[in-house]
Amino acid sequence: MRNALGERRARMPITYLVAPILAATALSAAIAPSAMAAPNPITIWVDVSRAATVSKFLKDGYQGHPVNVVTKELAAIKAELTTVPADQAPDVIWADNTWTGELATASLIVPLTLSPAKKALFAPNVLSGFQFGFNYYGIPVQYETWALVTNAALAPKPPATFAKLSTKALALKAAGRADVGLAVGQGVKGNAYFTYPLFSGLGGYIFGKDTSGSLNPFDVGVNNSVFRKNTKIIDDWNSTGLINSSVDVVAAEAAFKAGRAPFWITGPWSASTLQSLKFKYFISPVPRIDANLPMAPLLGIKGFMATSYAEAHGLGDVVPRLVVKKLSSAAFQSKMAAISLRAPANKNSTYSTSIRGRLAQAFGTAGVDGVPMPNIAQASSVWGPLSTAWVKSTSGPEATPAKKAFSAAQGEIQKAIG
């Protein structure tokens, strides 16, 4: 099966200046230490679940350099990169796209040169997850996002529009066949990640872009004019009970698993639950609320970055080539997809034919219109206020009107960013 998103110096020879009066034996002895010196190893930091796959793929090293794979927790990779002694530092890191802006600003990673042909291997929305300014700082390897899961016993086919989803869900609740209309996890603190399809489908966005195509932290779209006109729809969802913020992630899963919710928003992290279900189900993109506004899911993208330490290790040319040429390949990314249940970023990659592969492909397809998780530090100011706005506007009879809740969120975010 093809990837669901569809469309894809030489080292100068070392020379030695040797005095011509040396005999052949002396010449051999004179150059032996340098000629036999071991090439500098390339050190890669990666999490434990992917280490074996990376090690096997690079078992023969790269361009004469052995590869040393070091396992670390994902969070530790980012945290330790700022404190590690240079002689113990990695040359390549497995990274989340959300780190891009922070690490690039700190000069801990280096920009990569990508030819038009190399860029064509990736969907523009996936590749842009590692863009900061005019540069790309990573090669995407896989991405994850959520989708709509439909209980086929309650709804014979996935709804074509959000209006049909709403009508079906409310009818099943009225008939006593469902307890939860749309199982989307929020809870006391909210969850802006799971509600993002609804947010984008109403015209909301987190940050706009500047002329380079990079995110602009001063263009906050949480309460932009298009979204503001659509806030009454959220009020309707609240009054009809289609969405209720009291349903947290655990309750949303439990309701769907028990056959008491026709629709559930989740992602590949729920694969074990989906495989255990006793009823048939569909996985599809969340249908559009407005035909002119895409339901753009957030894409969590991971890949490899070349660090600035590679230059100090004498690998300043080799390491970027390894990342760009070797780790972008469809062969490698297909192997990575097979162990992770995540969609490969290279469009020429393949999925396994197992149930896990089919699940990964189904969720990957739902990401066609996705937008990358924001990769600038200011994003940390967004999630709390945005989540709170959803909680307040979908909390039942005492809910705050959505227009007021999201206006307050916009103000809080802009104040925090400055």
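It should be noted that the structure appears before, not after, this text.
A.B. asks: Break down a positive patch on the surface for me, with residues and values.
C.D. replies: Taken together, R228, K229, K232 and K403 make up a surface patch of like positive charges. Mapped onto the elements of the fold, K229 is located in helix α9 (residues 225-229). Relative accessible area serves as the criterion here: at 71%, K229 is assigned to the exposed category.

A.B. asks: Any details on the environment of M336? Residues and values, ideally.
C.D. replies: One can find M336 in helix α15 (residues 330-340). Judged by relative accessible area, M336 falls into the buried class, the value being 0%. Taking the C-alpha atoms as reference points, M336 and L148, 188 residues apart in sequence, are found 25 Å from one another. If we ignore the near neighbours within four places in the chain, the residues touching M336 are R50, T53, V54, W94, V141, Q142 and F304.

A.B. asks: How would you summarise the pattern of salt bridges if you had to cite specific residues and measurements?
C.D. replies: The final tally for this structure, using the stated rule, is eight salt bridges. R50 is the partner of D47 in a salt bridge, and the nearest nitrogen-oxygen pair spans 2.6 Å. For R50, a relative accessible area of 11% translates into the label buried. Ionic pairing is found between D179 and R260, a salt bridge with its closest N-O pair at 3.0 Å. Residue D179 is found in the loop between α7 (162-174) and β8 (182-183), and its partner R260 is found in the loop between α11 (249-257) and β11 (263-266); the two are separated by 81 residues along the sequence. In this structure D179 comes out as partly exposed when scored by relative accessible area, which is 49%.

Analysis parameters
Residues numbered from 1 in each chain as written. Predicted model: local features only at pLDDT ≥ 70, side-chain atom pairs only at ≥ 80, totals over all residues. Heavy atoms only, no water. Patch = residues over 30% accessible without salt bridge, like charges linked within 9 Å, V, L, I, M, F, W, Y side chains within 5 Å. Areas by Shrake-Rupley, 256 points an atom, 1.4 Å probe, with all protein chains shown as cover. Salt bridge = Lys/Arg side-chain N within 4 Å of Asp/Glu carboxyl O. Lys, Arg positive; Asp, Glu negative; His and termini not counted. Charge placed at Lys NZ, Arg CZ, Asp CG, Glu CD. Helix = DSSP H or I, 4+ residues; strand = E, 2+ residues; numbered from the N terminus. Buried < 20%, exposed > 50% of the residue type's maximum accessible area, 1.4 Å probe, protein only. Contact = heavy atoms within 4.5 Å.

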